[in-house]
Amino acid sequence: MISPLVKNITQRAMTTTAQQRIPLPPFTRATAMQKIRLAENAWNLKDPDKVKMAYSPDTVWRNRSVFLQGRDEVRQFLEGKWDREKDYRLIKELWAFTDDRIAVRFCYEYQNEDGEWFRAHGNENWLFDSDGFMKERHASINDVPIKEKDRKFLWLTENNIRPDDYPELSELGL
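Residues numbered from 1 in each chain as written. Predicted model: local features only at pLDDT ≥ 70, side-chain atom pairs only at ≥ 80, totals over all residues. Heavy atoms only, no water.

A. Inspection of the packing of aromatic side chains at higher detail. Evaluated as defined, the whole model comprises 13 aromatic pairs. Geometrically, the ring pair formed by W43 and W61 is stacked, given 6.0 Å between the ring centres and 15 degrees between the ring planes. Linking W43 in helix α2 (residues 29-45) with W61 in strand β1 (residues 55-63), this pair joins segments that are 18 residues apart in sequence. Each member of the pair, W43 as well as W61, is classed as buried. Their ring planes at 70 degrees and their centres at 5.1 Å tell us that Y55 and W61 sit as a pair that is edge-to-face. The exposure class assigned to Y55 is buried, which follows from its relative accessible area of 4%. In this structure W61 comes out as buried when scored by relative accessible area, which is 1%. Here the aromatic residues W43, Y55, W61, F77, W82, Y88, F106, Y108, Y110 and F118 are joined through ring pairs into a cluster of three or more. One Lys or Arg, K92, reaches over the ring of W43 and ends 5.3 Å from the middle of that ring. Over the aromatic face of W61 sits the side chain of R137, whose NZ or CZ is 4.3 Å from the ring centroid. (Phe/Tyr/Trp six-rings, centres within 6.5 Å; stacked < 30°, edge-to-face > 60°. Helix = DSSP H or I, 4+ residues; strand = E, 2+ residues; numbered from the N terminus. Buried < 20%, exposed > 50% of the residue type's maximum accessible area, 1.4 Å probe, protein only. Lys NZ or Arg CZ within 6 Å of the ring centre and 35° of its normal.)

Set out below in structure tokens:
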């Protein structure tokens, strides 16, 4: 079950005005963790038009060996990603933070077009502007084939958001 607090924070952040994206830097441990959970929830919704709005208009990305610039390229990338990666489920976890930077580790599971399952393991480094938009995203990701019986991200929710009581990566032994 998604708590009313997480649901409210997610809805509020997804509808934040074009001027700011809460929470804003400088980050505390609590606001960094909130920013991470908001990102996780947004990506699990798989709506590239909403997700791209978390990034600055001139955002710069490296995702594996793909380099992107600007919200339009981010949107196109995400649309293709989620078309290819079926049953996508993601968990992010705080690694470190400073005033305007957050480092996360994450895993996501997905099924490819041939029905094969994978767990992607990765790290992201994020840099935010003063209005809370992500200016830079650097992601290193490795895909590991898994058997369907070895999947760990098994929550079933209407909106694909991980329930509050679902284990974190560390609790899952990842």
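Next, the rest of the story.
B. Molecular detail of helix α4 (residues 71-84). A rise of 1.5 Å per residue sets the reference length of α4, with its 14 residues, at 20 Å; its end C-alpha atoms lie 20 Å apart and thus fit the reference within 8%. Within the sequence span of α4, burial applies to R71, V74, F77, L78, G80, K81 and W82. In this structure, the buried side of α4 is in contact with α2, α3 (48-51), β1, β2 (66-69), β3 (86-97) and β4 (101-111). (Expected span 1.5 Å × (residues − 1). Contact = heavy atoms within 4.5 Å.)

C. Molecular detail of the nonpolar core. Ranked by internal contacts, the top residues of the largest apolar core, which has 29 residues, are W43, W61, L78, I102, Y108 and W126. Those elements that place two or more of their residues in this core are α2, β1, α4, β3, β4, β5 (117-128) and β6 (134-146). Residue contacts for W126: discarding those within four places in its chain leaves I36, A39, K92, D100, R101, I102, V104, M134, E136 and R137. Among the nonpolar cores identified, the runner-up in size contains seven residues, and F153, W155, Y166 and L169 belong to it. (Core = buried A, V, L, I, M, F, W, Y, C linked by side-chain atoms within 4.5 Å.)

D. Local environment of the side chain of S56. By the element assignment, S56 lies in strand β1. Of the polar contacts made by the side chain of S56, one reaches the side chain of D58; its length is 2.9 Å. Discounting chain neighbours no more than four positions away, the residues touching S56 are R71, D129, F133, M134 and K135. (Polar contact = N/O pair within 3.5 Å; in protein donor to acceptor, adjacent residues only side chain to side chain.)

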